[in-house]
Amino acid sequence: MAIREKAKKLDKILSTLERTYSRAVLSEGKNLLERFVFYWFFYASPVTNAKKAVKSLLDEEEFADWNEVRVSTQRELQEILEANRIEDASDLAPRLKTFLQSVFEELDDTDLESLKEMKPDKARRFLASLPGLPPWAVAYLVTLTGFEALLPWDPHTERVGGRIGLFDTGAPLPQRKKQLRAALQDEDPLRLHHLFVEHGKKTCTDVDPKCPKCPVSQDCAYYLRRGRRAKKAATNGTNGSSPTNNKKKR
Ligand code: SF4
């Protein structure tokens, strides 16, 4: 598929996903730290729970500011995350504390805005050295802080983009990234990332994707391939389940 066609297809898919899941899944918060913490919680938990958890951390009756969150106990943090039904709260609480501590030690503050004053190379090195962050979260931070427009490459992006057919799944990783980046053109990579994460959590799940309910199924290579296979199997008289026809044969 020509790059222009692929870009058009991706644009349509992103608009459909945004309508389906609403703009609530996009990056949100008054400052960079709030936006990043929201993203961190949202990655594996429902968006409403992520919003509530961030709100709890910002509640002045609990913590005066992010610096107080940093010096709170792991148990306190874990309880807040659990109360807001954040997945893996026991793992996330110490990682969030370590993250805030590392930022504080480098910037003398927990506010990520001051990162913008750093030289780009130094800031990139610092972000990559932060403990407890997967590579896609580092890419997310580099993009969020405006140093580079990277597309965070995580398991949801790999799975959703590959199934839809936005890149050649047999190509080496740098090629796959390049192909998806080319299709995205100048659009915001974090918008794509949030929408693919939500789609990957809710619909295009690793096991048993919910294709019949998928809003982008008509643009999905995996779905269309399965449909063709099922049709062929039906024509040959062998058993096959069509993604477009689940009625039992009488
Ligand atoms: S149709 Fe199925 S495989 Fe394709 S994007 Fe939707 S859920 Fe994923």
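Residues numbered from 1 in each chain as written. Predicted model: local features only at pLDDT ≥ 70, side-chain atom pairs only at ≥ 80, totals over all residues.

Concerning the domain arrangement of the chain
Interface extent is often summarised as the accessible area lost during association of the parts. Domain boundaries in the chain define domain 1 (1-23 + 149-238) and domain 2 (24-144). When each unit is reduced to the centre of its C-alpha atoms, the spacing between domain 1 and domain 2 is 28 Å. In this assembly, 16 residues from domain 1 lie in contact with 11 residues from domain 2. The element contributing the most residues to the side of domain 1 that touches domain 2 is helix H11 (residues 189-202), with 8 residues. (Domains from an automatic or database assignment. Contact = placed C-beta atoms within 7 Å. Helix = DSSP H or I, 4+ residues; strand = E, 2+ residues; numbered from the N terminus.)

Description of the packing of helix H5 (residues 74-83) against helix H6 (residues 89-107)
The contact between H5 and H6 brings their axes to 8 Å, and the two run at 130°. In terms of orientation, H5 and H6 fall into the oblique class. In the packing of H5 onto H6, the handedness of the crossing is right-handed. Where H5 abuts H6, its residues Gln-74, Leu-77, Gln-78, Leu-81 and Glu-82 lie against Ala-89, Ser-90, Leu-92, Ala-93, Pro-94, Leu-96 and Lys-97. For the contact of H5 with H6, the class distribution of residues is 7 nonpolar, 3 polar and 2 charged. (Axes fitted to C-alpha atoms, helices over the stretch in contact; angles between N-to-C directions. Parallel < 35°, antiparallel > 145°, perpendicular 65-115°, else oblique. Left-handed = near helix turned anticlockwise from the far one by under 90°. Nonpolar A, V, L, I, M, F, W, Y, C, P; charged D, E, K, R; others polar.)

Section: the nonpolar core
Phe-36, Phe-41, Ala-53 and Leu-81 are the most contacted members of the largest nonpolar core, which totals 62 residues. The greatest single-element share of this core, amounting to 8 residues, is contributed by helix H2 (residues 32-42). For this core, the domains that each give at least three residues are domain 1 (1-23 + 149-238) and domain 2 (24-144). The contacts of Phe-41, once residues within four sequence positions are left out, are Ala-50, Ala-53, Val-54 and Ile-86. (Core = buried A, V, L, I, M, F, W, Y, C linked by C-beta atoms within 7 Å. Buried ≥ 20, exposed ≤ 12 C-beta atoms within 10 Å, placed from the backbone.)

Overview of the site of the ligand
Taken together, 14 residues surround the ligand, and among them Cys-204, Cys-211, Cys-214, Cys-220 and Tyr-223 come closest. Breaking the shell around the ligand down by element, the ones donating at least two residues are helix H9 (155-164) and helix H12 (221-235). Per-element tally for the shell around the ligand: the top contributor is H9, with 3 residues. When its residues are assigned to classes, the shell around the ligand shows 10 nonpolar, 2 polar and 2 charged. (Near = placed C-beta within 6 Å.)

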